[in-house]
Amino acid sequence: MQLVIVESPAKAKTIEKYLGSDYRVLASYGHVRDLPAKDGSVDPDHGFAMEWENYADKAKQLKAITDLAKTADRLILATDPDREGEAISWHVQEVLRAKKALPKDVQRVTFNAITKATVTEAMKHPRALDTDLIDAYRARRALDYLVGFTLSPVLWRKLPGAKSAGRVQSVALRLIVEREREIEAFVAQEYWSVTANLEHDGTPFTARLSKWRGAKIDRLTIGKEGDALAAKADVEAGRFSVASVETKPATRNPPPPFTTSTLQQEASRKLGFSADHTMRIAQALYEDGAITYMRTDGVQMDSSAISAARLAVANRYDASYVPDKPRQYTSKAKNAQEAHEAIRPTDFGKDRAGSGDHARLYELIWKRALASQMASARMERTTVELTDGTGLHALRATGQVVLFPGYLALYEEGSDDVFVGGSGKNADAVADEEARRLPRLREGDAPAKKAVNADQHFTQPPPRFSEASLVKRLEELGIGRPSTYASIIKTLKDRLYVRVEKNRFFAEESGRLVTAFLERFFEKYVGYDFTAGLEDELDEVSGGRAEWQAVLEAFWRDFKPRTSEVMAFQPSEVTAALDEFLGAYLFPDKGDGSDPRLCPNCGEGRLSLRGGRFGAFVACSNYPACKYTRRFAQGGAEATGDAGPEVLGTDPETGLEVSKRSGRFGPYVQLGDGKEAKRASIPKDLPGELDLDWALKLLSLPRTIGTHPETGEPITASIGRYGPYLAHNGKYGRLTSTAEVFETGMNAAVVKLAEAAAGGGRPQRGAQAALKVLGLHPRTELEIKLMEGRYGAYVTDGTTNATLPKTIEKDALTLEEAAQLIDARAAAAPTKGKKKVAKKAPAKKAAPKAAAKKAPAKKVAKPKAKAAG
């Protein structure tokens with residue numbers, strides 16, 4: 001028997017179908033072991049020796065692999081064809097070696113696609129494990145561990161509120177933070193454009209002013225309204241005729257097929273997918289045999305695939321769309337490793353695969369790969385110059401005509417925002433301006449002037465990063481590997497260092513502070529060149545040109561002393577250094593000569609950065625006499641402070657002062673002072689403005705509604721961490737607003753509690769309310785909802801529940817995907833029910849024998865346990 005190890009059960013099932021009865025295929029379910037999350041897992045003092053630990057949740061799978069390996073004649077390690085895949089194979093081999101279950105014959109097999117022909121051919125060409133790739137994996141894993149477990153404790157102790165730092169994660173965060181600084185420092189510049197609406201032979205077109213009063217003008221030349229109106233008047237007064245017509249041919253070549261990075265970028269632009277979602281969908285398509293391996297830097301395709309693509313183009317269009325010679329591509333990306341093909345379909349004759357997001361991503365991959373082997377698009381670009389009788393003023397019109405669409409008939413690559421001449425103009429707008437159609441014009445023609453416009457504009461700051469543009473920038477800088485970008489971005493979101501709004505990254509307060517700390521104390525290690533250089537060294541290791549321990553030694557020699565040096569600083573020294581480092585951001589020049597650090601509350605104290613239990617903030621030096629504070633993130637013009645408690649009045653019952661305050665978790669009201677003071681958070685949906693009456697209401701919670709008619713126990717209403725709720729005898733019911741806390745009567749409370757009990761009697765923290773109503777089932781017309789259950793997200797039509805697979809992200813779930821999941825679940829339910837009945841019957845008969853066998857084992861086990869103690 002020959003044992004084959006792959007990563008996923010989906011691959012295992014597919015591959016086992018292709019191989020003969022002599023093969024058994026098992027899945028490792030990814031990595032089987034890792035470095036324990038504790039100090040000492042990597043030992044720099046002993047050659048960077050690593051202590052590995054098996055994943056607890058992989059025990060069952062490892063046992064199955066071990067049991068079969070003991071009886072196998074040959075072990076074939078067929079994990080993914082990249083560094084991680086090589087590492088997984090190595091880990092499986094080492095685990096089996098430690099268990100003395102490793103067969104004598106161990107071979108490594110890789111394939112770029114899961115098709116019968118590819119897999120069976122790969123089995124004919126086994127090899128040994130690639131030690132260079134394994135060394136590169138060990139070096140990368142050790143580096144990430146050493147940075148994380150050495151630098152993160154420094155952050156925790158010297159920068160309250162910070163969560164973690166990472167070798168590549170921190171550099172990616174720096175890019176986002178620096179873009180935020182550029183946007184804040186940007187000063188908008190006013191400019192005016194003067195355009196004329198013209199018409200010739202019934203065809204309207206637009207021309208812009210290109211020369212005024214004898215001087216050539218560009219986009220920012222006219223900066224004042226007065227000049228713009230004067231230029232407009234000159235154009236209105238002039239009679240313009242065509243002075244020249246210049247026509248140039250242009251060619252656009254198709255882009256290469258997708259790499260990991262370009263797939264993430266394009267899926268973000270065109271489909272709105274996150275990098276993480278894109279990779280999970282691509283993984284599923286690969287395991288289904290629909291596409292080639294999706295972690296690759298290569299842009300080339302196999303010669304047989306190129307032939308198949310050219311044939312598919314000829315069948316779909318005609319011979320004119322097929323270039324004379326096959327197109328060959330080479331990667332321009334820094335650190336590109338072209339050991340693998342680009343991402344492409346395994347069958348170019350198949351233009352659809354899967355459904356929902358799977359179908360959308362497959363179509364994108366299919367179109368891009370097919371277009372890469374299509375003819376170039378041919379265009380004609382025309383520039384027309386028009387001058388008035390004086391020759392002092394000129395207008396220019398540009399246009400473009402597509403003579404032959406070529407690959408554009410199938411696919412056009414998306415674009416990111418570009419920063420053009422300080423105007424912040426979008427790339428699509430530039431393309432639109434050039435793509436306008438012009439009428440046929442000749443020298444001497446005088447188009448009719450319909451209108452002249454003078455429009456005001458302001459330059460725009462550089463755009464915030466989208467996932468697509470961030471991935472593109474990381475790849476351009478040579479930072480990290482494309483296969484890791486999805487996890488890097490996810491970590492930044494999970495750590496709350498950034499937030500995403502309308503698919504754009506915004507740096508959060510904690511992210512800005514961590515970046516400032518690292519730039520001030522670890523500038524070298526968040527440097528773009530240094531990080532990219534380290535990637536080069538790791539690639540040298542994978543290519544067998546460098547020794548992995550030497551790379552680690554060179555890094556550790558400088559990094560460890562620096563962390564020890566920073567750890568020795570007092571927190572006050574760190575805060576003082578950051579106060580100076582961030583001075584220009586926190587206290588920008590007001591432009592009136594006044595001191596930007598002067599306290600706006602007392603007018604005497606100076607503002608400075610302080611460190612608190614929950615993070616950094618700005619405070620007055622006259623504390624406690626002056627209690628002015630503001631959050632760290634409120635720099636520059638946005639700086640609005642908290643001058644201290646706002647007294648709302650006095651509680652008539654206790655005579656204590658009631659005040660409104662700001663805290664770590666938002667605004668709250670407080671009754672009295674000191675440790676015994678009572679506090680209550682101010683809800684966001686407070687009906688009306690906060691005054692003394694509302695403050696006293698909030699401080700009086702929980703409110704007793706009355707006694708339950710059946711149990712005799714009190715029913716109360718209050719506001720908790722998850723919002724307003726009812727409570728009765730350990731059971732909870734959800735309220736929808738703050739107003740309901742004070743308005744709900746006995747009858748309504750009893751009904752809500754009964755409804756909550758029917759739903760399981762738990763606090764209603766989203767389990768009963770739909771996360772999203774997706775719409776009506778296209779076939780049954782039942783309403784489909786996305787729900788959050790005990791074991792994860794699921795969809796339901798009120799009759800059938802279907803668990804959401806891990807390959808589908810709930811935020812990106814479509815109605816059709818949900819409907820298909822419900823249909824599949826409904827179809828499978830009866831069959832599964834019959835199987836369960838069939839299995840249970842013999843189990844009951846066998847139960848007494850099984851119990852009899854187990855009884856002695858239990859008696860023997862007890863003395864052993866005592867002896868061991």
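Everything quoted here is computed from the prediction, not taken from an experiment.

**Q** When you look at the packing of aromatic side chains in this model, what are you seeing that I'm missing?
**A** For any pair of aromatic rings, the description rests on two quantities: the centre-to-centre distance and the angle between the ring planes. With the rule as written, the count across this model stands at 18 aromatic pairs. Taken together through their ring pairs, the aromatic side chains of F517, F521, F522, Y525, F530, F555, W556, F559 and F569 make up a single cluster. The ring of F522 is capped by R562, whose NZ or CZ atom sits 5.9 Å from the centre of that ring. One cation-aromatic arrangement involves K697 over W694; the distance from NZ or CZ to the ring centre is 4.4 Å.

**Q** It is not clear to me how the packing of helix 13 (residues 467–477) against helix 14 (residues 485–494) should be interpreted in this structure. Could you clarify?
**A** To describe two helices that pack against each other, one gives the angle between their axes and the distance between the axes. Between helix 13 and helix 14, whose axes approach to 11 Å, the crossing angle comes to 120°. As the angle between them shows, helix 13 and helix 14 are arranged oblique. By crossing handedness, the relation of helix 13 to helix 14 is classed as right-handed. Residues E467, L470, V471, L474 and E475 of helix 13 touch helix 14, and the partners they reach there are Y485, I489 and K493. In the contact of helix 13 with helix 14, the residues fall into 5 nonpolar, no polar and 3 charged.

**Q** Hey, could you run me through the pattern of salt bridges in this one?
**A** Where charged atoms from two side chains of opposite charge come close, those side chains can pair. Taken as a whole and judged by the stated rule, the model has 43 salt bridges. Put simply, K270 and E266 hold a salt bridge, and the shortest N to O gap is 3.4 Å. Of this pair, K270 and E266 both sit in helix 8 (residues 260–271), 4 residues apart, which is roughly one turn of that helix. The class of K270 is partly exposed, set by a relative accessible area of 37%. Taking relative accessible area as the criterion, E266 reaches 0% and is therefore assigned buried. A salt bridge links E363 to K367, with the nearest nitrogen and oxygen atoms 3.6 Å apart. A residue pair is termed a helical-turn pair when its members lie 3 or 4 positions apart in one helix, as E363 and K367 do in helix 11 (residues 356–371) at 4 residues. Because the salt bridges share partners, they merge into one network encompassing R140, D144, R167 and E535.

**Q** Is there a simple way to think about the sheet that holds strand 18 (residues 607–612) in this case?
**A** The strands that make up a sheet pair up through hydrogen bonds in the backbone, lying either parallel or antiparallel. Taken together, 3 strands build an open sheet; the order of strands is 18-19-20 and the sheet is antiparallel. At either end of the open sheet lies a strand with only one pairing partner, and these are strand 18 and strand 20 (629–631). Taken over all neighbouring pairs, the strand axes of this sheet differ in orientation by 35° on average, direction set aside. Bridge count between strand 19 (residues 615–620) and strand 20: 3 bridges; the pairing is antiparallel. Bridge assignment links V618 to a residue of strand 20, and that residue is R630.

**Q** For this particular structure, what's the right way to read the sheet that holds strand 30 (residues 783–789)?
**A** Reading across the sheet, the 4 strands line up as 29-30-31-32 and stay open at both edges, with antiparallel pairing between neighbours. Of all strands in the sheet, those with a lone pairing partner are strand 29 (772–776) and strand 32 (801–803), marking the two edges. Going from strand to strand, the sheet's axes swing by 25° on average, the running direction of each strand aside. Taken together, the 4 bridges between strand 29 and strand 30 define a ladder with antiparallel strand orientation. Within the sheet, the bridge partner assigned to K772 lies in strand 30 and is L786.

**Q** Honestly, the nonpolar core in this entry has me stumped. Any pointers?
**A** Generally speaking, soluble globular proteins have nonpolar side chains that are buried together. Membership of the largest hydrophobic core comes to 156 residues, with the highest contact counts inside it found for I291, L361, F517 and F522. Looking at this core element by element, the count peaks at 12 residues for helix 5 (residues 131–158). Counting residues in hydrophobic clusters, the runner-up holds 22 residues, among them V194, F205, L209 and F240.

About the thresholds
- Residues numbered from 1 in each chain as written.
- Predicted model: local features only at pLDDT ≥ 70, side-chain atom pairs only at ≥ 80, totals over all residues.
- Heavy atoms only, no water.
- Phe/Tyr/Trp six-rings, centres within 6.5 Å; stacked < 30°, edge-to-face > 60°.
- Lys NZ or Arg CZ within 6 Å of the ring centre and 35° of its normal.
- Axes fitted to C-alpha atoms, helices over the stretch in contact; angles between N-to-C directions.
- Helix = DSSP H or I, 4+ residues; strand = E, 2+ residues; numbered from the N terminus.
- Parallel < 35°, antiparallel > 145°, perpendicular 65-115°, else oblique.
- Left-handed = near helix turned anticlockwise from the far one by under 90°.
- Contact = heavy atoms within 4.5 Å.
- Nonpolar A, V, L, I, M, F, W, Y, C, P; charged D, E, K, R; others polar.
- Salt bridge = Lys/Arg side-chain N within 4 Å of Asp/Glu carboxyl O.
- Buried < 20%, exposed > 50% of the residue type's maximum accessible area, 1.4 Å probe, protein only.
- Pairing = 2+ DSSP bridges.
- Core = buried A, V, L, I, M, F, W, Y, C linked by side-chain atoms within 4.5 Å.

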